[in-house]
Amino acid sequence: MAISELEIAAVVRVLRSGWLTTGNEVFSFEKEFADYIGGGVEAIAVNSNTAGMHLVLEAAGIGPGDEVIVPTLTFTATAEVVRYLGADVVFVDVDADTLCIDPVAIEKAVTSKTKAIMVVHYAGLAADMPSIQRIAQAHNLKVIEDAAHSFPATSGGRFVGSLDTTAAIFSFYANKTITTGEGGMIVTRDAALAKRCRVMRLHGLDRDAYARFNGNSAQWRYDVIAPGFKYNLTDIAAALGREQLRCAESLRVCRQAVAERFTAAFAKLPIRLPVHAPANEVHSWHLYPIRIPSGANICRGDFEAGLMARNIGYSVHYTPLHRMTYWNALYQLDDRSFPVASDHGDTTISLPIFSAMTDTEVEEVIDVVISITNSNANLN
Ligand SMILES: *Cc1c(COP(=O)(O)O)cnc(C)c1O
């Protein structure tokens, strides 16, 4: 992660200020983040994307007996928050090109119990929002965006976060495109939902409610209107976030340049590359996942060995959730219901992509990938 002296100075300033937890830094971060996204949204800072998704589902009234549609190709947080509220997850497959939730699969999964669709903008490419919105409108469903990968990314020329959905939730976890160590941001245009999230992120405390009933707004007076959570962000984290936000676009441009170099260098190789955003749209390039087609004479293991030998970090995003013990046992799931995500889970590897990547590091990854594909191709 690119942490400069500016971030360090901002955190030190908070440490010296005498106020460490939620205060003016958080309020400024919320305002600056909302301004960045644009479109008249409101931003609510929380201590993780997972906390933010939990708050949004709670505020949206999701509960026992409800079903929420979730792509199987995601991190477990997207689905676990549904279980926090006693509702059920209905997993669906993803589109073979974009690897984002497949609108056709959504349509097939809708039942009379369906209340919401969770959308993940996988790797930082926006999902097919026009199709998803059409289905949501037809069935009166909420659309909630897990935007953990997609800051900043666009759909229809607008930033994810400013689309016509219930809410989008960003992550500032250590490896995300901007970071506060741990942190997240809910972005919404729904004032009532925002208010509920603000109350529930801090123990269900409501100063407004107390003032309303008692005609007294002395600072120490508050009412408790629900058993809330402890999901507030600290000023220390927010100070870091404000500096990261200032360079978010230059960080994104660096990742975009890495992605373009990879794509140009790998164009003729027998591997499947991640799709770029259409013209005039922004991809945040949180991940660069390649796929090694099953049936090719090379496999993921060859890439793992080659990258490991050169001490280059890599990961897999993701083993789909329907294969994980908890989800698989809970819903008796089968690969055959999710052919695209299952194949992806077997054949993908995420190459390193981050804004501080040096030319030498980029060249080294390119070199490894090309030499693995060539040497193994020569065996046959
Ligand atoms: C990182 C991530 C999360 C969780 O974010 P936290 O801020 O760590 O809670 C959720 N969904 C996806 C797709 C992620 O990549």
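Note that this is a predicted model, so its numbers are computed, not measured. (Residues numbered from 1 in each chain as written. Predicted model: local features only at pLDDT ≥ 70, side-chain atom pairs only at ≥ 80, totals over all residues. Heavy atoms only, no water.)

(A) Seen up close, the overall build of the protein chain. The secondary structure content of the protein chain amounts to 14 helices and 13 strands. Here the C-alpha radius of gyration of the protein chain, 22 Å, is about what a compact globule of 380 residues would show, namely 21 Å. Projected onto its principal axes, the C-alpha positions of the protein chain cover 80 × 55 × 35 Å. Counting all 380 residues of the protein chain, 52% fall into the buried class. Taking as baseline every contact in the protein chain between residues at least 6 positions apart, the subset at least 24 positions apart corresponds to 70%. With an accessible surface of roughly 16,500 Å², the protein chain has 54% of that area assigned to carbon and sulfur atoms. (Helix = DSSP H or I, 4+ residues; strand = E, 2+ residues; numbered from the N terminus. Rg over C-alpha atoms; globule rule 2.2 N^0.38 Å. Buried < 20%, exposed > 50% of the residue type's maximum accessible area, 1.4 Å probe, protein only. Contact = heavy atoms within 4.5 Å. Areas by Shrake-Rupley, 256 points an atom, 1.4 Å probe, with all protein chains shown as cover.)

(B) Region of the structure containing the site of the ligand. Close contacts around the ligand come from 15 residues, with Thr-50, Asp-146, His-149, Ser-171 and Lys-176 the closest. At 2.9 Å from an oxygen atom of the ligand is found a main-chain nitrogen or oxygen belonging to Asn-49. Within the complex, 92% of the 380 Å² of free accessible area of the ligand lies under protein. With respect to the pocket detection grid, the ligand is positioned in the largest pocket. Secondary-structure elements contributing two or more residues to the shell around the ligand are helix H3 (49-59) and helix H4 (77-84). Residue classes in the shell around the ligand are distributed as five nonpolar, eight polar and two charged. (Near = heavy atom within 4 Å. Polar contact = N/O pair within 3.5 Å; in protein donor to acceptor, adjacent residues only side chain to side chain. 1 Å grid on protein atoms, 1.4 Å probe; cavity = no way out; pocket = protein on both sides within 12 Å on 5 of 7 lines; lining within 4 Å. Sits in = over half its atoms within 2 Å of the grid points. Nonpolar A, V, L, I, M, F, W, Y, C, P; charged D, E, K, R; others polar.)

(C) Structural context of helix H7 (residues 191-200). Every buried residue of H7 is accounted for by Leu-193, Ala-194, Cys-197, Val-199 and Met-200. Turning to H7, the residues buried within the fold contact strand S1 (42-46), H3, strand S8 (167-171), strand S9 (184-188) and strand S10 (205-206).

(D) Highlighting the environment of Ser-375. The topology assignment puts Ser-375 in helix H14 (residues 359-378). With 77 residues separating them along the chain, Ser-375 and Ile-298 place their C-alpha atoms 9.4 Å apart.

(E) Spatial organisation of a nonpolar patch on the surface. A contiguous nonpolar patch, built from Ile-3, Ile-8, Val-12, Leu-15 and Leu-20 and spanning about 400 Å² of accessible area, is present on the exposed surface. Here Leu-15 lies in helix H1 (residues 5-17). The class for Leu-15 is partly exposed, based on a relative accessible area of 48%. (Patch = residues over 30% accessible without salt bridge, like charges linked within 9 Å, V, L, I, M, F, W, Y side chains within 5 Å. Salt bridge = Lys/Arg side-chain N within 4 Å of Asp/Glu carboxyl O.)

(F) Representation of the pattern of salt bridges within the structure. A full pass over the atoms with the stated rule returns 24 salt bridges. A salt bridge links Glu-42 to Arg-198; its shortest N-O distance comes to 3.2 Å. Of the two residues, Glu-42 is situated in strand S1 and Arg-198 in helix H7; the sequence distance between them amounts to 156 residues. A salt bridge links Arg-300 to Glu-304, with the nearest nitrogen and oxygen atoms 4.0 Å apart. Of this pair, Arg-300 and Glu-304 are both found in helix H11 (residues 300-309), four residues apart, which corresponds to roughly one turn of the helix. Here Glu-304 falls in the partly exposed class, since its relative accessible area comes to 25%. Each member of the salt-bridge network shares a partner with another, and the members are Arg-13, Glu-25, Glu-32 and Arg-242.

(G) Representation of H4 in the model. Taken as a whole, H4 has its buried residues at Ala-77, Thr-78, Ala-79, Val-81 and Val-82. As for H4, its buried residues are in contact with H3, strand S2 (67-71), strand S3 (88-92), strand S4 (114-120), strand S5 (142-146) and helix H12 (325-331). Just beyond H4, the residue with positive phi is Gly-86, at close to 80°.

(H) The arrangement of the nonpolar core in detail. Residues Ile-132 and Ile-186 are the most contacted members of the largest nonpolar core, which totals 61 residues. It is H3 that provides the largest number of residues to this core, a total of five residues. Once you skip the residues sitting within four places of it in the chain, Ile-132 turns out to touch Ile-101, Pro-103, Ile-106, Ile-117, Val-119, Ala-127 and Val-143. Judged by nonpolar contacts, the second largest core, of 25 residues, contains Phe-262, Ile-312, Leu-351 and Val-369. (Core = buried A, V, L, I, M, F, W, Y, C linked by side-chain atoms within 4.5 Å.)

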